[in-house]
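Architecture and fold: a report
Spelled out from the first residue to the last, the chains are:
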Amino acid sequence: MKRRYAIGVDYGTESGRALLVDISTGEEVATHVTRYPHGVIDEKLPGTGAKLGHDWALQHPDDYLEVLRRSVPAVVKEAGIDPEQVVGVGIDFTACTMMPLDEAGTPLCMREEWRDNPHSWVKLWKHHAAQDEATRINELALERGEAFLPRYGGKLSSEWMLAKAWQILNEAPEVYERADTFMEAADWVVMQMTGRLVRNSCTAGYKAVWHKRDGFPSADFLGALDPKLASLAETKLRGPIEALGSKAGELSESMARLMGLRAGTAVAVGNIDAHAMVPAVGVVTPGKLVMAMGTSTCHLLLSDREVHAEGICGVVEDGIVPGYYGYEAGQSAVGDIFAWYVEEAAPAYVKELAAEEGVSVHEWLERRAAAAKPGESGLLALDWWNGNRSVLMDADLSGVVVGMTLQTKPEEIYRALLEATAFGTRAIIEAFERGGVAVDELYACGGLPQRNRLLMQIYADATGREIRIADSTQTAALGAAMFGAVAAGAEAGGFDSVVEAAERMARVREETFKPIPENSAVYDRLYKEYRELHDYFGRGGNDVMKRLKAIKRGQS
Ligand SMILES: Nc1ncnc2c1ncn2[C@@H]1O[C@H](COP(=O)(O)OP(=O)(O)O)[C@@H](O)[C@H]1O
Ligand SMILES: O=C(CO)[C@H](O)[C@H](O)COP(=O)(O)O
């Protein structure tokens, strides 16, 4: 019998990548990355050059199609296979990455008359300019005792659909009026491939506050925010919501030509990047916390019970693996904090030495930082360079490094930043456990674990837990490919469930990172200090971060 393959397309923050996988072994046969031509649009609008506000982050929808045009044919060509052998395609995406569409499904920013309006563009997950709306949503939901609020740890994020849609209404009512629908980019790309408007239960559940039985927040609640929002759920968020693993449809003739595949190939409903990684590391049962570590980190956990606890970004039934409650928590910047240091703060001499030694600045700093012991630098940092989205859920919080002196070295600051993110993860694990959701094992995947060994050792030491690492460097794309194979179903050469797909296709490395007891002892002490700083700056002990942001925005 001919070998059978599935293609997963992973849409990250800066680029999209396609992965062609043999579905009976999980072998990753070919991969291709396309950087988004417009990247992250956070300073000025393409074309007009109009300046964007603080905390804005947009994208260009055609960049997503560019990934299908370039990367999909490239993996088929590299593998030298017949497109007939590809049984299914799945995609995963950053989320909530949303856009307004017209009746034909065209993003408003792709229409001449709307492209000058920044609100017509795709709002990327890390667009944080809707914090005012998020704060008001949370205040009203708390006041009214809305049942959905506890499922999201007591606070909805400014990154999510309601806050972003409301920001459009507040700042560009004409765009809000003109939008026929608001869609997640994941669903829009699936709609381009299949011609069907199908929303996926994962982004709907985690990012648009949709519940399997209760649906979206009520018209009464939405209308109390603003009467114009009352019909949001049944109008601009309308459309069938289908469970992960479902087939959204089949590849249309025109898209099949563009992607170099067979028309009629099964296409899975979209998924969130981090959530797709869970079955891809073989996690299909409770108690195993999967850390999807890249630009940001998402923490994902399955459980057979629903509890409501601080620190949980969302709990969604069937939201990750059917049959379980899926929990999400997360840190809105991790790799992005290290990138900030390397690009904006590391001194020129570090960059020169790294270049002389032929290593990246990250590697140079990691090597130096690894030579020190925990606590030796006298530094402690908070990991809020892009706000806090678990436990405190507040995009207006910012970064801190305490303990700097004239002797402080760049590699010490770099290490303190790595440690800060590990402490942020420990705070999340403790919040899960306080809430009654067990965390027995840790799994790490995403771009960071295989790039930075010191980081993984620090995580093991700071959490006191052994960490298993994904074997794939493309875990999200592998997970998306699995869902593509499930969308095809066993009859068409795929699988009938994601559990079956995981048995065949998932892999973790033999080597694990184990905590070193003497390091853990020091980190226990540093973590105690971290908690003090965390509560002081994050729970109202000193709101200096918010006041500084207000001054920066020119508010009184
Ligand atoms: N050696 C390294 N150590 C720590 N961070 C790194 C290293 N190399 C790259 N990074 C960070 O990894 C992040 C990208 O992670 P990746 O998983 O590839 O992307 P994404 O999250 O967008 O899918 C960037 O923020 C970058 O700063
Ligand atoms: O919110 C998220 C998932 O719920 C992700 O953090 C977001 O999609 C960005 O992912 P990445 O760090 O891989 O670019």
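As the structure is a prediction and not an experimental result, all values here were calculated from the model. (Residues numbered from 1 in each chain as written. Chains lettered and ligands numbered in written order. Predicted model: local features only at pLDDT ≥ 70, side-chain atom pairs only at ≥ 80, totals over all residues. Heavy atoms only, no water.)

A few points about the overall build of the protein chain
On a plain count of helices and strands, the protein chain comes out with 18 helices and 22 strands. Here the C-alpha atoms of the protein chain give a radius of gyration of 23 Å, agreeing with the 24 Å that 2.2 N^0.38 yields for 556 residues. Taken over the C-alpha atoms alone, the protein chain extends approximately 65 × 60 × 50 Å along its principal axes. Residues counted as buried form 61% of the 556 residues belonging to the protein chain. Sequence-distant contacts in the protein chain: of pairs separated by 6 or more residues, those separated by 24 or more amount to 73%. (Helix = DSSP H or I, 4+ residues; strand = E, 2+ residues; numbered from the N terminus. Rg over C-alpha atoms; globule rule 2.2 N^0.38 Å. Buried < 20%, exposed > 50% of the residue type's maximum accessible area, 1.4 Å probe, protein only. Contact = heavy atoms within 4.5 Å.)

Some remarks on the site of ligand 1
Near ligand 1, the surroundings consist of 14 residues, among which Thr295, Gly335, Ala339, Gly447 and Asn452 are the closest. At 3.0 Å from an oxygen atom of ligand 1 is found a main-chain nitrogen or oxygen belonging to Gly335. Interatomic distance of 3.2 Å between a backbone N/O atom of Asp336 and an oxygen atom of ligand 1. Summarising the interface, the protein chains cover 80% of the accessible area of ligand 1, which totals 580 Å² for the free molecule. Of all the elements, helix H10 (residues 335–345) adds the most residues to the shell around ligand 1, at four residues. For the shell around ligand 1, a count of residues per class yields four nonpolar, seven polar and three charged. (Near = heavy atom within 4 Å. Polar contact = N/O pair within 3.5 Å; in protein donor to acceptor, adjacent residues only side chain to side chain. Areas by Shrake-Rupley, 256 points an atom, 1.4 Å probe, with all protein chains shown as cover. Nonpolar A, V, L, I, M, F, W, Y, C, P; charged D, E, K, R; others polar.)

What about the site of ligand 2?
Ligand 2 sits among 13 residues. The nearest are Thr13, Lys207, Ser296, Glu328 and Arg389. Ala95 is positioned such that a nitrogen or oxygen atom in its backbone is 3.0 Å from an oxygen atom of ligand 2. Here an oxygen atom of ligand 2 and a side-chain polar atom of Asp273 are 3.0 Å apart. The residue makeup of the shell around ligand 2, split by class, is four nonpolar, five polar and four charged.

Re the nonpolar core
Within the largest apolar cluster, 69 residues are counted, with the highest numbers of intra-cluster contacts made by Tyr327, Phe338, Phe432 and Ile467. Among the elements that line this core, the one with the most residues is helix H13 (residues 410–434), at 13 residues. In contact with Phe338, not counting residues within four places along its chain, are His362, Tyr414, Leu417, Leu418, Thr421, Leu448 and Leu455. Ranked by size, the runner-up nonpolar core spans 46 residues in total, among them Ala6, Val21, Tyr443 and Ala481. (Core = buried A, V, L, I, M, F, W, Y, C linked by side-chain atoms within 4.5 Å.)

What to know about the sheet that holds strand S22 (residues 508–513)
Taken together, seven strands build an open sheet; the order of strands is S16-S17-S15-S14-S20-S21-S22 and the sheet is mixed. Each end of this open sheet is capped by a strand with a single partner; those strands are strand S16 (314–317) and S22. When the angles between neighbouring strand axes are averaged without regard to direction, this sheet yields 25°. Together, strand S14 (288–293), strand S15 (297–303), strand S17 (325–331) and strand S20 (441–445) form the strand contacts of helix H9 (residues 273–280), whose direction differs from that of S15 by roughly 50°. (Pairing = 2+ DSSP bridges. Axes fitted to C-alpha atoms, helices over the stretch in contact; angles between N-to-C directions.)

Regarding the UniProt feature "domain: Carbohydrate kinase FGGY N-terminal" (unreviewed entry) in the protein chain
UniProt records the feature "domain: Carbohydrate kinase FGGY N-terminal" (unreviewed entry) at residues 5–275, using the numbering of this structure. Note that residues 5–275 is 31% helix and 21% strand, and that its end C-alpha atoms are spaced 21 Å apart. (UniProt positions renumbered as here; feature names shortened; annotations may be inferred.)

Structural notes on the packing of aromatic side chains
Ring pairs (aromatic) are described by centroid distance and by the angle formed between their planes. Tallied over the full model, the rule gives 17 aromatic pairs. For the ring pair Tyr11 and Tyr64, a centre distance of 5.8 Å and an interplane angle of 80° mean the geometry is edge-to-face. Here Tyr11 is found in strand S1 (residues 5–11), whereas its partner Tyr64 is found in helix H1 (residues 61–79), with 53 residues between them in sequence. Residue Tyr11 is classed as buried on the basis of its relative accessible area, which comes to 0%. Summarising the aromatic geometry, the rings of Phe423 and Tyr523 are spaced 5.8 Å apart at their centres and angled 70° between planes, so their arrangement reads as edge-to-face. One end of the pair, Phe423, is in helix H13; the other, Tyr523, is in helix H17 (residues 517–538), with 100 residues separating them in the sequence. (Phe/Tyr/Trp six-rings, centres within 6.5 Å; stacked < 30°, edge-to-face > 60°.)

Side note on the packing of H10 against helix H12 (residues 361–370)
Two elements in contact, H10 and H12, have axes whose closest approach is 10 Å; the angle formed by their N-to-C orientations is 100°. Looking at the two axes, H10 sits roughly perpendicular to H12. On H12, the residues touching Phe338, Ala339, Tyr341 and Val342 of H10 are Val361, His362 and Leu365. A class-by-class count of the residues in the contact of H10 with H12 yields six nonpolar, one polar and no charged. (Parallel < 35°, antiparallel > 145°, perpendicular 65-115°, else oblique.)

Notes on unusual backbone geometry
In the segment running from Ala95 into Cys96, the intervening peptide bond is cis, with an omega of -5°. By secondary structure assignment, the location of Cys96 is in the loop between strand S5 (86–93) and strand S6 (98–101). With phi around 70°, Asp55 is a residue other than glycine that occupies positive phi space. Inspection of the secondary structure assignment puts Asp55 in the loop between strand S3 (28–35) and strand S4 (58–59).

Points about the state of the cysteines
For the structure on display, the rule yields zero disulfides. Lacking any disulfide linkage, Cys109 is separated from the closest cysteine sulfur, that of Cys96, by 15 Å. Residue Cys313 stays outside any disulfide, its sulfur separated by 7.4 Å from that of Cys298, the closest cysteine. (Disulfide = S-S within 2.5 Å.)

Considering the packing of H13 against helix H14 (residues 453–463)
In the contact formed by H13 and H14, the axes pass within 9 Å of each other and the chain directions differ by 40°. Overall, the two elements H13 and H14 adopt an arrangement that is oblique. Where H13 crosses over H14, the two elements pack in a sense that is right-handed. When H13 is examined against H14, the residues Arg415, Leu418, Glu419, Thr421, Ala422, Phe423, Thr425, Arg426 and Ile429 are found in contact with a partner set consisting of Leu454, Leu455, Ile458, Tyr459, Ala462 and Thr463. (Left-handed = near helix turned anticlockwise from the far one by under 90°.)

Focus: the pairing of S14
Most of S14 is tucked away: six of the six residues are buried. Alternating positions in S14 separate into two faces, Lys288, Val290 and Ala292 on one and Leu289, Met291 and Met293 on the other, with burial throughout. Where S14 and S20 come together, five bridges link them in parallel fashion. The residue of S20 that forms the bridge with Leu289 is Leu442.

Re the UniProt feature "domain: Carbohydrate kinase FGGY C-terminal" (unreviewed entry) in the protein chain
Under the present numbering, the feature "domain: Carbohydrate kinase FGGY C-terminal" (unreviewed entry) in UniProt falls on residues 290–488. From the first C-alpha to the last, residues 290–488 spans 26 Å; its make-up is 41% helix and 19% strand.

With respect to the side chain of Asn271
Here Asn271 shows up in strand S13 (residues 271–272). Look at Asn271 and you get buried, because its relative accessible area is 2%. When neighbours within four sequence positions are excluded, Asn271 is seen to be in contact with Ile91, Asp92, Phe93, Ala186, Asn200, Cys202, Leu244, Ala276 and Phe483.

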